[in-house]
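# Descriptive structure summary
These are the residues of each chain, in order.
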Amino acid sequence: MQGTVATFDPATRSGTVLLDDGAELSFPAAAFDASGLRLLRLGQRVRIERDESGHVNRVTLPTFG
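The structure contained in this document is the topic of the report that follows. None of these values were measured; they are calculated from a predicted model.

### Some points on the environment of Gln44
- Its location among the elements puts Gln44 in the loop between helix 1 (29-33) and strand 4 (45-50).
- Setting aside its immediate chain neighbours within four residues, Gln44 contacts Gly3, Thr4, Val5, Leu39 and Leu61.
- A polar atom in the side chain of Gln44 sits 2.9 Å from the backbone nitrogen of Arg41.

### A look at the sheet that holds strand 3 (residues 24-27)
- Here we have five strands laid out as an open sheet, ordered 3-2-1-4-5, and antiparallel in their pairing. On the outer flanks of this sheet lie strand 3 and strand 5 (56-60), each paired with one strand and no other. The average angle at which neighbouring strand axes cross in this sheet is 40°, direction not considered.
- Relative to strand 2 (residues 14-19), strand 1 (residues 2-9) runs antiparallel, the two being bridged by six bridges. Its bridge partner being in strand 2, Thr7 is matched across the sheet by Thr16.

### Focus on the nonpolar core
- The biggest cluster of nonpolar side chains holds 15 residues, and the ones touching the most others in it are Phe27, Leu40, Val46, Ile48, Val56 and Val59.
- Looking at this core, the elements that each hand over two or more residues are strand 1, strand 2, strand 3, helix 1, strand 4 and strand 5.

### Let's talk about unusual backbone geometry
- Positive phi values are uncommon outside glycine, yet Arg13 reaches one of about 60°.
- For Arg13, the location among the structural elements is in the loop between strand 1 and strand 2.
- Relative accessible area serves as the criterion here: at 33%, Arg13 is assigned to the partly exposed category.

### Considering the pairing of strand 1
- Examined bridge by bridge, strand 1 and strand 4 share three bridges and lie antiparallel to one another. In the sheet register, Gln2 faces strand 4, and the bridge partner there is Arg47.
- With antiparallel pairing between neighbouring strands as the criterion, strand 1 and strand 2 make up a hairpin whose turn holds four residues, including Arg13 at a positive phi of roughly 60°.

### Re the packing of aromatic side chains
- Considering all chains together, one arrives at two aromatic pairs under this definition.
- Between Phe8 and Phe27 the ring centres are 6.4 Å apart and the planes differ by 15°, which places this aromatic pair in the stacked class. Taken together, the residues span a long stretch of sequence, with Phe8 in strand 1 and Phe27 in strand 3 at a distance of 19 residues.
- Seen in terms of ring centroids, Phe8 and Phe32 are 4.8 Å apart; in terms of plane orientation they differ by 45°. Their pairing is tilted. Residue Phe8 is found in strand 1, and its partner Phe32 is found in helix 1; the two are separated by 24 residues along the sequence.
- You can call Phe32 buried: its relative accessible area is 3%.
- One aromatic cluster is present, built from ring pairs that chain together Phe8, Phe27 and Phe32.

Definitions and cut-offs
- Residues numbered from 1 in each chain as written.
- Predicted model: local features only at pLDDT ≥ 70, side-chain atom pairs only at ≥ 80, totals over all residues.
- Heavy atoms only, no water.
- Helix = DSSP H or I, 4+ residues; strand = E, 2+ residues; numbered from the N terminus.
- Contact = heavy atoms within 4.5 Å.
- Polar contact = N/O pair within 3.5 Å; in protein donor to acceptor, adjacent residues only side chain to side chain.
- Pairing = 2+ DSSP bridges.
- Axes fitted to C-alpha atoms, helices over the stretch in contact; angles between N-to-C directions.
- Core = buried A, V, L, I, M, F, W, Y, C linked by side-chain atoms within 4.5 Å.
- Buried < 20%, exposed > 50% of the residue type's maximum accessible area, 1.4 Å probe, protein only.
- Phe/Tyr/Trp six-rings, centres within 6.5 Å; stacked < 30°, edge-to-face > 60°.

Here it is, written out as structure tokens:
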């Protein structure tokens, strides 16, 4: 699933993504840390990966594997 970064706090490494259907989805620091990225910009496109229970476990760029 993909969306656009709506908020990102570098201090807490957490934020929210606006999904293509208009829904807002929060992601925790652990999901950002799993990406290997150092920073996200507002308006940046990202890919969101969820576990079986629906929790966000990784936020990365669409071009990353």
